[in-house]
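The lines below spell out each chain.
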Amino acid sequence: MSDPTNPHIQNRTTPQWGLYQRENFWKPNEGQTPPFNTDPRKLEERAKERLSEGGWYYASSNAGMSTTHLANRQAFFRHRIIPRQLIDTNSRDTSTTIFGHRVAAPIGFAPIGINKIYHASGEAAVAKVAGELQLPYCLSTAGSTAIEKVGAANGPGSPRFFQLYMPHDDELTTSLLTRAWESGFDALILTTDTWQLGWRHDDVAHSNYAFYRGFGADLGLSDPVFRRRCTEVGIDPDKDPVVASAKWIDSIWHGRAWSWEKIPWLMEQWRRISGGRPFVIKGIQSVADAHKCVEYGVDGIVVSNHAGRQVDGAIASLDALEKIVDAFGDQIYVMFDSGVRGASDIVKALALGAKFVFVGRLWVWGLSIMGEDGVRHVMKSLLADLDIFMGVAGFNGVKDFDRNILESDPKSYTLLPEREL
Ligand SMILES: Cc1cc2nc3c(=O)[nH]c(=O)nc-3n(C[C@H](O)[C@H](O)[C@H](O)COP(=O)(O)O)c2cc1C
């Protein structure tokens, strides 16, 4: 198995992540500690066993009939990678840069709300692992741990970004941005596909909205402006946290769409507070909207359909990526998410022109299965998967991933059941 005395390891600029495979092959494998099976289908099964009913429904549910989720997976399936042989990959490097940060790999932790329904350790555990691995972490406005605590857990100098669900209360918005900046979150990512949750059958049928049961309002309950808003209407957030929590979630998932006219104000606020750090829009799926982002001077976009949780019957995020990169890939920093389940998916997205990829459900399943250890195992496995992929498929760095390494067959869409993909 991979030789830990391989002299090339010393010359590499990034770790030999692939040795994590060796480490796991040597373990007693008693089932109580990692390794657990990181095949995404097995991860999902095991997470389901561990989670409360509500936790499982919230994490797994998609909009409507899950057809967007299915399309996301099918789109990966129709692109195939062409491996190369006898390339000297001994000094390969998995790293990249994002917004001025050198990071271990082009992989980030997508913003995911209310982590404490998956594991009591919540966002702090996830942010800690991200910091350790030097992968960017993104905190959701719907998180269940205060911004300041998450920043501290992520650690000094670790790259972290703040995802905004924008309230209709400008003072509250600027308070959140200021707290994020002061806690070391140095890019702002505005999510524009979720003025309220999409229609997700399981959640509705089970009245599954933890936010109305007192969970997931920590960013609000720790915010001076939001606390003032509570007292203004006679709610004491300390004595009546459940009512305050419901008010919080109704302030950020308010169902009142913002429009483009508000973007310059938000960019101006963020640039003023942060001294000009990047402003990103997450949720872009059309070339026309990418064009708007360029026109408005947005620094980056995340091509995302929220893992298929918002609009049922939508196009695959990977298909959107291809078209957007063709049109504006040289004018704006393009990131990608939705449906990534392994290193080869990351490589396909980068080959199609994304500069950086976020993963969501993969680490949610790890968190659900074994808290901090679970997240670490899943993400180290993903890094090992990428490192080994590069070693065996003949690639030396992120720069090697371009369209020439793909063969794409539009007819190879598959009708496999979604859970098999
Ligand atoms: C359970 C769950 C919660 C999420 N919460 C948020 C959120 O609070 N803010 C946000 O911008 N996106 C949220 N997303 C979307 C993710 O940021 C990301 O776009 C998506 O999960 C990527 O797809 P993947 O899970 O297939 O990797 C959530 C996704 C899931 C699965």
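Look above for the structure.
In what follows, the accompanying structure is described. Predicted, not measured: the structure shown is a model, and the values here were computed from it.

This part is about the environment of Asp 193. Mapping Asp 193 onto the fold places it in the loop between β7 (188-191) and α9 (201-205). Taking the C-alpha atoms as reference points, Asp 193 and Ala 105, 88 residues apart in sequence, are found 27 Å from one another. Ignoring sequence-local partners within four residues, the contact set of Asp 193 consists of Gly 283, His 306 and Gln 310.

Of the two faces of strand β5 (residues 137-140), the one lined by Tyr 137 and Leu 139 and the one lined by Cys 138 and Ser 140 are each fully buried. What joins β5 to strand β6 (residues 160-164) is helix α7 (residues 147-154), and the crossover it makes is right-handed.

Moving on, we come to unusual backbone geometry. One non-glycine residue with positive phi stands out, namely Phe 99, at about 50°. Relative to the helices and strands, Phe 99 is located in the loop between β2 (96-98) and β3 (101-103). If you check the backbone angles, Ser 338 has positive phi at about 110° while not being a glycine. Positionally, Ser 338 belongs in the loop between β10 (333-336) and α16 (343-351). By the C-beta count within 10 Å, which is 33 here, Ser 338 ends up buried.

The subject of this paragraph is the nonpolar core. Ranked by size, the top nonpolar core spans 118 residues in total, and within it Ile 301 and Val 357 carry the most contacts. When residues of this core are assigned to their parent elements, the largest contribution, 16 residues, is made by helix α17 (residues 361-393). Among residues more than four places away in sequence, those in contact with Ile 301 are Val 280, Ile 281, Ile 284, Ala 290, Cys 293, Ile 332, Val 334 and Met 335.

Taken together, 23 residues lie around the ligand, and Ala 110, Gly 113, Ser 140, Ala 307 and Gly 360 are the ones closest in. The set of elements that each furnish at least two residues to the shell around the ligand consists of α4 (53-60) and α17. Taken together, the residues of the shell around the ligand break down into ten nonpolar, nine polar and four charged.

This part covers helix α15 (residues 317-328). Given a rise of 1.5 Å per residue, twelve residues ought to cover 16 Å, and the 16 Å separating the end C-alpha atoms of α15 matches this to within 8%. Taken together, the buried positions of α15 are Ser 317, Leu 318, Ala 320, Leu 321, Glu 322, Ile 324 and Val 325. Check the buried side of α15 and you find it contacts α5 (67-77), β8 (279-284), α14 (287-296), β9 (300-303), β10 and α16.

This brings us to the packing of helix α6 (residues 122-133) against α17. Any two packed helices are characterised by the angle at which their axes cross and by the distance between the axes. Across the interface, α6 lies against α17 with an axial gap of 10 Å and an inter-helix angle of 15°. Viewed along their axes, α6 and α17 adopt a mutual orientation that is roughly parallel. Relative to α17, α6 is oriented so that their crossing is right-handed. For the pair α6 and α17, the contacting residues are Ala 125, Val 126, Lys 128, Val 129 and Leu 133 in the first and Trp 363, Leu 367, Gly 371, Glu 372, Val 375, Arg 376, Met 379 and Leu 383 in the second. Taken together, the residues that form the contact of α6 with α17 break down as nine nonpolar, one polar and three charged.

Rules and cut-offs
- Residues numbered from 1 in each chain as written.
- Predicted model: local features only at pLDDT ≥ 70, side-chain atom pairs only at ≥ 80, totals over all residues.
- Helix = DSSP H or I, 4+ residues; strand = E, 2+ residues; numbered from the N terminus.
- Contact = placed C-beta atoms within 7 Å.
- Buried ≥ 20, exposed ≤ 12 C-beta atoms within 10 Å, placed from the backbone.
- Right-handed = clockwise from strand over helix to strand, strands pointing away.
- Core = buried A, V, L, I, M, F, W, Y, C linked by C-beta atoms within 7 Å.
- Near = placed C-beta within 6 Å.
- Nonpolar A, V, L, I, M, F, W, Y, C, P; charged D, E, K, R; others polar.
- Expected span 1.5 Å × (residues − 1).
- Axes fitted to C-alpha atoms, helices over the stretch in contact; angles between N-to-C directions.
- Parallel < 35°, antiparallel > 145°, perpendicular 65-115°, else oblique.
- Left-handed = near helix turned anticlockwise from the far one by under 90°.

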